[in-house]
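# Structure assessment
Below, each chain spelled out in residue letters.
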Amino acid sequence: MFYHLLKYVLLGPFLRLLFRPRIEGLEHVPEDGAAIVAGNHLSFSDHFLMPVVLDRRITFLAKQEYFTGPGIKGRLTAAFFRAAGQIPVDRSGKEAGKAAIREGLGVLDRGELLGIYPEGTRSHDGRLYKGKVGVAVMALTAGVPVVPCAMVGTFEIQPPGKVVPRIRRVTIRFGEPLDFSRFAGSAGERAVVRAVTDEIMYEILRLSGQEYVDDYAAVVKAEEADGEPPRKFPREER
């Protein structure tokens, strides 16, 4: 109930008025049945702007830190994400990743929309990073389509570290659903899930027009935090 109150009364109309999102390809999102919406992740605003434009409810796998922050701000953030039906995900290791997959499969088993950011974290520099294979494992295990999504302009309105977003128009672009039924039964094969993940990331890249980095965002962030100079990656050509 709180989800719909947020979307249609408290938050949704306000966000539509401020950011006037251009919506492209909304017809590609299935009207019913289970599906995964896989998007790039440029801004904290992504969590709110994508659900606002969808006709259906979508449940995101959200990082656990949103639920465990200290102080009043942390408690308010946790309460908000829980009330909105988002699922906390521990990103600290392999077993945590398996738990996240189980949670995501539970959403899909109920015939719902699952939202996921395959990069695993926000891009700190506006580029698109290598996707983690959990999205492919869930798509193949549940036998559901994956709808690629590109958030365009959200990095400019609220890059990391900016609390109050700039008021600019953004674009939310959905691509045609990707059908991986040809790989049915292959969710445990490493080469297959890597190939499926790369195909999903390529479609997000094609929709977003970002520069692509063939490395994990968390790895590059950690290197830069340790004082290593930013690495230069050529834009992927396909």
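One numbering rule holds for all chains: residues counted from 1, following each sequence as written. With the structure being a predicted model, the display of local features is reserved for residues of pLDDT at least 70 and the display and counting of side-chain atom pairs for 80 or more, all residues being used for whole-chain, interface and lining totals. Computation of side-chain values: all heavy atoms of the structure, hydrogens and water removed.

## Overview of the packing of aromatic side chains
Describing an aromatic ring pair means giving the distance of the ring centres and the angle of the ring planes. Note the cut-off: Each aromatic pair joins two rings of Phe, Tyr and Trp (for Trp, the six-membered one) with centres within 6.5 Å, and gets the label stacked for planes under 30 degrees apart, edge-to-face for over 60, and tilted for any other angle. Partly exposed residues are those whose accessible area sits between 20% and 50% of the maximum for their type, while under 20% is buried and over 50% is exposed, using a 1.4 Å probe and protein chains only. Secondary structure follows DSSP: runs of H or I at least 4 residues long count as helices, runs of E at least 2 residues long count as strands, and numbering of each begins at the N terminus.
This model, assessed by the stated rule, comprises two aromatic pairs. Judged by centre distance (5.3 Å) and plane angle (70 degrees), the ring pair of Phe44 and Phe48 falls under edge-to-face. Among the residues examined, Phe44 registers a relative accessible area of 23% and is labelled partly exposed. Between Phe60 and Tyr117, the ring centres sit 5.3 Å apart and the planes meet at 20 degrees, which makes this aromatic pair stacked. With Phe60 in strand S3 (residues 58-63) and Tyr117 in the loop between strand S5 (113-116) and strand S6 (128-129), this pair connects stretches of sequence that are 57 residues apart. By relative accessible area, Phe60 is classed as buried at 1%. We classify Tyr117 as buried; its relative accessible area is 8%.

## Here's the deal with the pattern of salt bridges
This is how the line gets drawn: Salt bridges are defined as contacts in which a side-chain nitrogen from Lys or Arg sits within 4 Å of a carboxyl oxygen from Asp or Glu.
Taken as a whole and judged by the stated rule, the model has seven salt bridges. As a salt-bridge pair, Glu24 and Arg173 come within 2.6 Å of each other at their nearest N and O atoms. One end of the pair, Glu24, is in strand S1 (residues 22-24); the other, Arg173, is in strand S8 (residues 171-174), with 149 residues separating them in the sequence. Since its relative accessible area comes to 33%, Glu24 is described here as partly exposed. A residue is classified by how much of its surface remains accessible, and Arg173, at 22% relative accessible area, is partly exposed. Of the charged contacts, one joins Arg182 and Glu199 as a salt bridge, the two residues approaching to 3.0 Å between their closest N and O atoms. Of this pair, Arg182 sits in the loop between S8 and helix H9 (190-208) while Glu199 sits in helix H9, placing them 17 residues apart in sequence. Overlapping salt bridges, with partners in common, bring together Asp125, Arg127 and Glu211 in one network.

## What to know about the packing of helix H1 (residues 2-10) against helix H2 (residues 12-19)
Here is the rule: An axis is simply a line fitted to the C-alpha atoms; with a helix, the fit covers only the stretch in contact. Between two such axes, the angle follows the N-to-C directions and lies from 0 to 180 degrees. Convention used here: angles under 35 degrees read as roughly parallel, angles over 145 as roughly antiparallel, angles from 65 to 115 as roughly perpendicular, and any remaining angle as oblique. Contacts: residue pairs with any heavy atoms within 4.5 Å of one another. Under this grouping Gly is polar, as are all residues other than the nonpolar Ala, Val, Leu, Ile, Met, Phe, Trp, Tyr, Cys and Pro and the charged Asp, Glu, Lys and Arg.
Where H1 meets H2, the closest approach of the two axes is 4 Å, and the angle between their N-to-C directions is 40 degrees. Regarding the angle of H1 to H2, the classification is oblique. Along the contact surface, H1 presents Leu6, Lys7, Tyr8, Val9 and Leu10, while H2 presents Gly12, Pro13 and Phe14. Split into classes, the residues belonging to the contact of H1 with H2 amount to six nonpolar, one polar and one charged.

## Let's talk about the layout of surface pockets
The cut-off we apply is this: Grid points spaced at 1 Å over the protein atoms alone were grouped into cavities, where a 1.4 Å probe fits but cannot get out, and pockets, open sets with protein on both sides within 12 Å along at least five of seven lines, with lining residues defined by an atom within 4 Å of a point. Grid points are joined across faces, edges and corners, and a volume is the space filled by probe spheres set on the points.
Here the second largest pocket is characterised by a volume of approximately 730 Å³. Mapped onto the lining of the second largest pocket, the elements with two or more residues apiece are H2, helix H3 (46-53), helix H4 (65-68) and helix H5 (71-83). Residue composition of the lining of the second largest pocket, grouped by class: 15 nonpolar, six polar and five charged.

## Some details on the environment of Glu224
For the record, the criterion: Polar contact criterion, stated in full: a pair of N or O atoms within 3.5 Å, where within protein one must be able to donate a hydrogen and the other to accept it, and residues adjacent in sequence count only if both atoms are side-chain atoms.
Take Glu224: it is sitting in helix H10 (residues 217-225). What makes Glu224 partly exposed here is its relative accessible area of 26%. Reaching out from Glu224, the side chain makes a polar contact with the side chain of His124 at a distance of 3.3 Å.

## A look at the packing of helix H7 (residues 134-142) against H9
Between H7 and H9, the shortest axis-to-axis distance is 8 Å and the interhelical angle comes to 105 degrees. Of the possible angle classes, the one that applies to H7 and H9 is roughly perpendicular. On the side of H7, the interface is formed by Val135, Ala136, Val137 and Leu140, while H9 contributes Val192, Val193, Val196, Thr197 and Ile200. Within the contact of H7 with H9, the residues separate by chemical class into eight nonpolar, one polar and no charged.

## A word on empty space enclosed by the protein
Think of a ball as big as a water molecule: rolled over the atoms, this probe shows where empty space is left. Under the defined criterion, the tally for this structure stands at one cavity of 30 Å³ or more. Estimated volume of the largest cavity: approximately 190 Å³. Taken together, 14 residues form the lining of the largest cavity, with Tyr3, His47, Phe48, Pro51 and Ala84 sitting closest to its centre. Elements that contribute at least two residues to the lining of the largest cavity include exactly H1, H3, S3 and H5. For the lining of the largest cavity, the element with the highest residue contribution is H3, accounting for four residues.

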